[in-house]
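# Observations on the model geometry
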Amino acid sequence: MNYWRKVALLPCFYLVSVLAQAESIASYPADWRSWPVVGESMVPGKDVVLPEDTPLFIQQAVAAYNWINDGKGTKLTTYVHPDKLKQYASHGPYDDGVTVVGVYETPGVVFVTEHLAGEAIYGTYDTEGKDISSQHPTFEPEYCARCHTAYQDICINGTCSVPVIELFKDN
Ligand code: HEC
């Protein structure tokens, strides 16, 4: 599809993903395993009580995804596209293309953030590259976008990293 046409149609992609069967909008980068790792974090298990001073934003992110791996918690590793390390460090502005993936180790879920004309777009895949965004409401691109744009002091240009694991370090 013509570039500007794709940009112009972005709102429609979201609408379709809300109204119909969800589909990832960001594409799957097959070579993410060879990208630099910029963060290792975790989603605590369902029954882990977060420290009291945990920011609301983090609490919500944990609550949204702590059902993964049957609520037992899982490691989360963040890989950045080799050409975008500098952009990631400054939270953008980002060039077009896939920017960063967050991988839930068990059972293997790949969250993808791509940029298109400065806008962040999202996708959810398994580790084989199969689109699984319709498997759970919290995997739908529109759901990702809602949280990633709600907290603009933390999520700048669609990237959010504040490692959850840091919160446990002093305790
Ligand atoms: C309720 C809030 C929330 C929702 C919903 C959410 N995220 Fe995030 N996202 C976060 C937070 C918080 C982090 C930082 C986590 C960390 O570093 O420990 C993050 C980090 C990421 C990262 C790592 C790169 C970075 O710094 O942003 C990617 C990639 C990502 N999210 C993609 C997605 C995708 C794809 C979806 C939907 C399937 C999604 N997110 C849904 C809050 C959310």
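Residues numbered from 1 in each chain as written. Predicted model: local features only at pLDDT ≥ 70, side-chain atom pairs only at ≥ 80, totals over all residues.

The name that an unreviewed UniProt entry assigns to the protein chain is Cytochrome P460 domain-containing protein, with the source organism given as Agarivorans gilvus.

### Comments concerning the overall build of the protein chain
Each helix and strand in the protein chain was counted, giving 5 helices and 5 strands. Counting from the amino terminus, helix and strand elements in the protein chain follow one another as α-β-α-β-α-β-β-β-α-α. By the compact-globule yardstick of 16 Å for 171 residues, the protein chain fits well, its C-alpha radius of gyration being 16 Å. Overall, the C-alpha framework of the protein chain stretches about 50 × 35 × 30 Å when taken along its three principal axes. Counting the 171 residues in the protein chain, one finds 29% classified as buried. Contacts spanning at least 24 positions in sequence make up 61% of the contacts within the protein chain whose residues lie at least 6 apart. (Helix = DSSP H or I, 4+ residues; strand = E, 2+ residues; numbered from the N terminus. Rg over C-alpha atoms; globule rule 2.2 N^0.38 Å. Buried ≥ 20, exposed ≤ 12 C-beta atoms within 10 Å, placed from the backbone. Contact = placed C-beta atoms within 7 Å.)

### With respect to the sheet that holds strand β3 (residues 97-104)
As summarised here, the arrangement of the 5 strands in space is β1-β2-β3-β4-β5, forming an open sheet in which the pairing is antiparallel. Among the strands making up the open sheet, the edge pair consists of β1 (37-43) and β5 (119-126). Direction aside, the axes of adjacent strands within the sheet are offset by 20° on average. Strand direction decides the pairing type here: strand β2 (residues 74-80) and β3, joined by 5 bridges, are antiparallel. What sits directly across from T77, in β3, is V103. (Pairing = 2+ DSSP bridges. Axes fitted to C-alpha atoms, helices over the stretch in contact; angles between N-to-C directions.)

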